[in-house]
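These are the residues of each chain, in order.
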Amino acid sequence: QVHLVESGGGSVQAGGSLRLSCAASGVTGSSYCMGWFRQPPGKERELVAIISRNGGTTYADSVSGRFTVSRDNAKNTLYLQMNSLKPEDTAMYYCAARILTCSVKWADFGYWGQGTQVTVSS
């Protein structure tokens, strides 16, 4: 089965940067849409960014211009570069995978990592 493991989370001050990674096993790197979702405390899970098999990307308005999603299919690894972090970016960040085509709905993704916590202080 597909197994996803996130890493790179931590605590950072506002304005700082973090780079999240998601290592995927049990997959062929080019066969999945990959995405990042996050769940702030007390809120529902929401889209951060998705990237298609061909490298096309979609970002939530809240992170557009600050975050960059990328993938290395040869390494079966997904990345999220987060710059200019804000306190409202504080959340548990999840890596997700969906077979072939992309969706912006978290419920459409069938495979999930365990999450990595990102905390941004002011």
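Further up the page is the structure itself.
Just so it is clear, the structure is predicted and the values come from calculations on it, not from any experiment.

Caption draft 1: Quick peek at the state of the cysteines. For the structure shown, the criterion picks out 2 disulfides. A disulfide bridge connects Cys33 with Cys102, and the sulfur atoms are separated by 2.0 Å. Measuring handedness by torsion sign, the sulfur bridge of Cys33 and Cys102 sits at about 100° and is right-handed. Separated by 69 residues along the polypeptide, Cys33 in strand E4 (residues 32-39) and Cys102 in the loop between strand E9 (91-99) and strand E10 (111-112) bring together distant segments of the chain. Cys33 gets classed as buried once you look at its relative accessible area, which sits at 0%.

Caption draft 2: Structural detail: the pattern of salt bridges. Scanning the entire structure with this criterion turns up 3 salt bridges. Its salt-bridge partner being Glu46, residue Arg38 comes within 2.8 Å of it at the nearest N-O pair. Taking the relative accessible area as the measure of exposure, Arg38 reaches 3% and is therefore buried. Judged by relative accessible area, Glu46 falls into the partly exposed class, the value being 29%.

Caption draft 3: Highlighting the nonpolar core. Counting residues in each nonpolar core, the largest one holds 28 residues, and the members touching the most others are Met34, Trp36, Leu80, Met82 and Tyr93. Judged by nonpolar contacts, the second largest core, of 6 residues, contains Cys33, Phe37, Ile50 and Ala96.

Caption draft 4: Representation of unusual backbone geometry within the structure. Within the chain, Asn76 stands out as a residue other than glycine whose phi angle is a positive 50°. Along the chain, Asn76 falls in the loop between strand E7 (67-72) and strand E8 (77-82). Of note, the phi angle at Ser84 is positive, near 50°, even though the residue is not glycine. Examined against the element boundaries, Ser84 turns out to sit in the loop between E8 and E9.

Caption draft 5: Representation of the environment of Arg66 within the structure. Checked against the element boundaries, Arg66 lands in the loop between strand E6 (57-59) and E7. For Arg66 and Met82, which are 16 residues apart along the polypeptide, the C-alpha to C-alpha distance reads 6.2 Å. In this structure Arg66 touches Gln81, Met82, Asn83, Ser84, Leu85, Lys86 and Asp89, once residues within four positions along its chain are discounted.

Caption draft 6: Layout of the packing of aromatic side chains. Applying the stated criterion across every chain, the model contains 6 aromatic pairs. Here the aromatic rings of Phe37 and Phe109 are separated by 5.1 Å at their centres, their planes lie at 70°, and the arrangement is edge-to-face. Taken as a pair, Phe37 in strand E4 and Phe109 in the loop between E9 and E10 lie far apart in primary sequence, 72 residues in all. Classification of Phe37 by relative accessible area gives buried; the value is 0%.

Conventions and cut-offs
Residues numbered from 1 in each chain as written. Predicted model: local features only at pLDDT ≥ 70, side-chain atom pairs only at ≥ 80, totals over all residues. Heavy atoms only, no water. Disulfide = S-S within 2.5 Å. Helix = DSSP H or I, 4+ residues; strand = E, 2+ residues; numbered from the N terminus. Buried < 20%, exposed > 50% of the residue type's maximum accessible area, 1.4 Å probe, protein only. Salt bridge = Lys/Arg side-chain N within 4 Å of Asp/Glu carboxyl O. Core = buried A, V, L, I, M, F, W, Y, C linked by side-chain atoms within 4.5 Å. Contact = heavy atoms within 4.5 Å. Phe/Tyr/Trp six-rings, centres within 6.5 Å; stacked < 30°, edge-to-face > 60°.

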